[in-house]
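# Understanding the architecture of this molecule
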Amino acid sequence: MRLTDPAGREAVIACGAALFNVRMAVGQLGFRPVVDLLPKPGNAAFLAHVGYGAHAQARAERPCWPVRCPSATPPN
């Protein structure tokens, strides 16, 4: 990927998308995802650590996406 993505920007974006999916999956399993971004600042290859937090009772009305602002609406 050095020819098509020499700075590694697209790879970092892809890792962010994968991190989002892991967070959603952990939440759907009934746990609170615990994410530590850039746990080793000197190591650019280690962008995040994801773990399981406290168990959260799954509820049907709980959204499966994070709400980032009060005006956010779920997709139709």
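This report concerns the structure included in the present document. (Residues numbered from 1 in each chain as written. Predicted model: local features only at pLDDT ≥ 70, side-chain atom pairs only at ≥ 80, totals over all residues. Heavy atoms only, no water.)

## Comments concerning the packing of aromatic side chains
Across all of its chains, the model carries one aromatic pair by this definition. Ring geometry for phenylalanine 31 against tyrosine 52: centres 5.3 Å apart, planes inclined by 75°, an arrangement best described as edge-to-face. You can see phenylalanine 31 sitting in strand S1 (residues 31–37) and its partner tyrosine 52 sitting in strand S2 (residues 48–55), a full 21 residues away along the chain. By relative accessible area, which is 27% here, phenylalanine 31 ends up partly exposed. (Phe/Tyr/Trp six-rings, centres within 6.5 Å; stacked < 30°, edge-to-face > 60°. Helix = DSSP H or I, 4+ residues; strand = E, 2+ residues; numbered from the N terminus. Buried < 20%, exposed > 50% of the residue type's maximum accessible area, 1.4 Å probe, protein only.)

## Quick notes on helix H1 (residues 9–28)
A rise of 1.5 Å per residue sets the reference length of H1, with its 20 residues, at 28 Å; its end C-alpha atoms lie 29 Å apart and thus fit the reference within 8%. Those residues of H1 that are buried are in contact with S1 and S2. Positioned one or two residues after H1, glycine 30 has a phi angle of 95°, which is positive. (Expected span 1.5 Å × (residues − 1). Contact = heavy atoms within 4.5 Å.)

## Let's talk about a nonpolar patch on the surface
A cluster of nonpolar side chains, namely Val35, Leu37 and Leu38, defines an oily patch on the protein surface of about 270 Å² accessible area. Here leucine 38 lies in the loop between S1 and S2. Note on leucine 38: relative accessible area 53%, which makes it exposed. (Patch = residues over 30% accessible without salt bridge, like charges linked within 9 Å, V, L, I, M, F, W, Y side chains within 5 Å. Areas by Shrake-Rupley, 256 points an atom, 1.4 Å probe, with all protein chains shown as cover. Salt bridge = Lys/Arg side-chain N within 4 Å of Asp/Glu carboxyl O.)

## Remarks on the side chain of aspartate 5
As for its placement among the helices and strands, aspartate 5 is situated in the segment before H1. Although aspartate 5 lies buried, it forms no salt bridge, and the closest oppositely charged side chain, arginine 9, sits 7.3 Å away as judged by the N-O distance. Reaching out from aspartate 5, the side chain makes a polar contact with the backbone nitrogen of alanine 11 at a distance of 3.1 Å. Setting aside chain neighbours within four positions, we find aspartate 5 in contact with Glu10 and Ala11. (Lys, Arg positive; Asp, Glu negative; His and termini not counted. Polar contact = N/O pair within 3.5 Å; in protein donor to acceptor, adjacent residues only side chain to side chain.)

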